[in-house]
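Commentary on secondary and tertiary structure
Here is how the chains run, residue by residue.
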Amino acid sequence: MVCESALTKKLFIKTYGCQMNVYDSARMADVLAPLGYKISATPRDADLVILNTCHIREKAAEKVFSELGRLKGFKGEKESGGGRMLIAVAGCVGQAEGDEVLRRAPQVDIVLGPQTYHRLPEIVARALGAVPGSGILETDFPIESKFDHLPEEAVSQGPAAFLSVQEGCDKFCTFCVVPYTRGTEFSRPVGEVVAEAERLVAAGAVEITLLGQNVNAYHGSAPDGRGSYGLGRLIRRLAEVDGLERLRYTTSHPRDMDDELVAAHGDVDKLMPYLHLPIQSGSDRILEAMNRRHAADDYRRVVERLRAARPDLALSSDFIVGFPGETDRDFAETLRVVTEIGFSQAYSFKYSPRPGTPAASAEGQVTDAVKNERLAMLQILLNEQQAAFNRASEGHTMAVLLERSGRRAGQLVGRSPYMQAVHLAAPPRLLGRIVEVRIDAGHPNSLAGCLVGDRSGGPTTRRPAAEPGDGLWEATI
Ligand code: SAH
Ligand code: SF4
Ligand code: F3S
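From a predicted model like this one, the values you see are computed outputs, not experimental measurements.

Cut-offs applied
- Residues numbered from 1 in each chain as written.
- Chains lettered and ligands numbered in written order.
- Predicted model: local features only at pLDDT ≥ 70, side-chain atom pairs only at ≥ 80, totals over all residues.
- Heavy atoms only, no water.
- Near = heavy atom within 4 Å.
- Polar contact = N/O pair within 3.5 Å; in protein donor to acceptor, adjacent residues only side chain to side chain.
- Areas by Shrake-Rupley, 256 points an atom, 1.4 Å probe, with all protein chains shown as cover.
- Helix = DSSP H or I, 4+ residues; strand = E, 2+ residues; numbered from the N terminus.
- Nonpolar A, V, L, I, M, F, W, Y, C, P; charged D, E, K, R; others polar.
- Domains from an automatic or database assignment.
- Contact = heavy atoms within 4.5 Å.
- Buried area = accessible area lost by both parts, 1.4 Å probe.
- Core = buried A, V, L, I, M, F, W, Y, C linked by side-chain atoms within 4.5 Å.
- Buried < 20%, exposed > 50% of the residue type's maximum accessible area, 1.4 Å probe, protein only.
- Expected span 1.5 Å × (residues − 1).
- Arc of directions from axis to C-beta.
- 1 Å grid on protein atoms, 1.4 Å probe; cavity = no way out; pocket = protein on both sides within 12 Å on 5 of 7 lines; lining within 4 Å.
- Points joined across faces, edges and corners; volume = space filled by probe spheres on them.

Here's the deal with the site of ligand 1
Neighbouring residues of ligand 1: 16 residues in total, closest Phe175, Gln213, Gln280, Asp318 and Ser352. Residue glutamine 280 places a side-chain N or O atom 2.7 Å away from an oxygen atom belonging to ligand 1. Arginine 292 places a side-chain nitrogen or oxygen 3.0 Å from an oxygen atom of ligand 1. Burial of ligand 1 by the surrounding chains reaches 91%, relative to a free accessible area of 540 Å². Looking at the shell around ligand 1, the elements with two or more residues in it are β15 (314-321) and β16 (345-350).

Right, dumping it as structure tokens:
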């Protein structure tokens, strides 16, 4: 007889990049679970280490190589004890630079892209049978969809879960690698999405964030096979799922914000009043060079329509500074649009030339010094807006979904409807519940408050979220 521990293998997954990678990491754990792989909190002594990587900016890609250096040591330790550690590089660096990964890091056994991880069991078996050092590369875009080959059983993601509904991108912004790493746009059928949402709720999810590189370009085939649903209609359908209390979606493109989706913000209560809607730049000249195919005023009008539907909508955005050809005047336009619109939070980046993208070889590359200066200025403004938004929450009572334990004893952390992190003292049995919290302090990056009531009335035994630092659910972008 073989004892349980001999069958159990340790799996460590580290996730970089966007929420889609976080979702993919969870699904890789699902695919490997039937083989006996269980999530481990450390790469040390793991049987299989997966780095789920991001290629969006140079820094993100370089992090992978430094992590591979650290893993080489662990692999050596395990081998000198007679064991075997497989190292796999998955995700967008794997897709874009698979050959280079194998060349620069011979300790890597497997390289696979974001569309091939449903084949992991077979790939892992092949790697275990192969001579160490003969790396396997699986980055061709397969004919079959990975979604048709994933197990129905899902490792619980906790109260706030991700669900990929759309993948890939056909927009080809001139700075971006995503169309190359994730392939062409694809929407999952409505029936499949609803079934997965129901499974996530059964496994403890209270909130679901619908994911896609261009999630509002969603056009999944209707349950009866006739026609397709846009994202607004999908959201209405998902709002009917019992036990699902909150819906969000990310990331959207301003061009795909259709009337049905805008209307959903006004009349679907479960759709939370927070939207991440990247603009990148406030200058029409730069927007054109980026191939965003909309002007700054188009963005302003989309925001007006959204705010007319949902006046308390909090907005977040992405910005790139120092795009080739960006002048002080262009940058001033970005500051102007930020001042006019007002964001509750935002992400801003220095333009990073990516191999193979048109902007990387464009004239007028901006120096790093100028990029730093502009980034600092933009961030001062964005930080002020975020701090003001958080301060304005003081004294209000908000519905907070409690997602995980905090750093301090007796503390739980949750999210407000507007995506703010909220810290409060509360018993662990309330994890996974939506509670009423009076906000006492609005700090620059989070809120602090106290419990005034539990309004979910749901079951008391929700599965707790994974702990921070377990390497799986937290992405490091
Ligand atoms: N699909 C989304 C963005 C996905 S990438 C959209 O269209 O808005 C996430 C963010 O990374 C982008 O919004 C952009 O701000 C940033 N980004 C992408 N490529 C970049 C690059 N080459 N340099 C700097 N930032 C970049
Ligand atoms: Fe990249 Fe543009 Fe596609 Fe967004 S829309 S993923 S920025 S190419
Ligand atoms: Fe996401 Fe990074 Fe790939 S942002 S799609 S993991 S390049």
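So, the site of ligand 3
The environment of ligand 3 is made up of Cys18, Asn21, Thr53, Cys54, His55, Ile56, Cys92, Arg182 and Gln213. Across the shell around ligand 3, the residue classes tally to 4 nonpolar, 4 polar and 1 charged.

A look at the domain arrangement of the chain
Structurally, the chain comprises domain 1 (4-138), domain 2 (156-272), domain 3 (295-391) and domain 4 (397-454). Averaged C-alpha coordinates put domain 1 and domain 3 at centres separated by 35 Å. With 5 residues of domain 1 at the contact, the number on the domain 3 side is 4 residues. Counting the surface lost from both domain 1 and domain 3, the interface buries some 440 Å², and carbon and sulfur atoms represent 49% of this. Ranking the residues of domain 1 by area buried against domain 3 places His55, Arg57 and Glu58 at the top, with a combined share of 81%.

As for the nonpolar core
Residues Ile208, Leu210 and Tyr249 are the most contacted members of the largest nonpolar core, which totals 52 residues. With 6 residues, the single largest contributor to this core is helix α7 (residues 190-202). Both of domain 2 (156-272) and domain 3 (295-391) provide at least three residues apiece to this core. Sequence-distant contacts of isoleucine 208, that is, excluding residues within four places in its chain, are made with Ala161, Leu163, Ala197, Leu200, Val201, Leu244, Arg246, Leu247 and Arg248. In this structure, Ile13, Val31, Leu32 and Leu150 belong to the second largest nonpolar core, which totals 27 residues.

As for the environment of aspartate 258
Assignment of secondary structure puts aspartate 258 in the loop between β13 (246-250) and α9 (259-267). Residues aspartate 258 and glutamate 167 lie 91 residues apart in sequence; the distance between their C-alpha atoms is 19 Å. Polar side-chain contacts of aspartate 258 include one of 2.9 Å to the backbone nitrogen of leucine 261.

Re helix α12 (residues 328-341)
Helix length check: α12, at 14 residues, gives a terminal C-alpha distance of 20 Å against a target of 20 Å (1.5 Å per residue), a fit within 8%. What α12 keeps buried is the set Asp330, Phe331, Thr334, Leu335, Val337, Val338 and Ile341. All buried residues of α12 lie within an arc of 160° about the axis, which places them on one face of the element. Projecting away from the buried face of α12 at angles above 90 degrees are the exposed residues Asp328, Arg329 and Thr339. Elements in contact with the buried residues of α12: α10 (284-289), α11 (296-309), β15 and α13 (368-391). Following α12 by one or two positions, glycine 342 has its phi on the positive side, about 80°.

Digging into the layout of surface pockets
Estimates place the volume of the second largest pocket at around 370 Å³. The wall of the second largest pocket is formed by 16 residues, among which Arg57, Lys59, Phe349, Lys350 and Ser352 lie closest to the centre. Looking at the lining of the second largest pocket, the elements that each hand over two or more residues are α3 (58-80), β16 and α13. Looking at the lining of the second largest pocket residue by residue, the class counts come to 7 nonpolar, 2 polar and 7 charged. The residues that make up the lining of the second largest pocket include at least three from each of domain 1 (4-138) and domain 3 (295-391).

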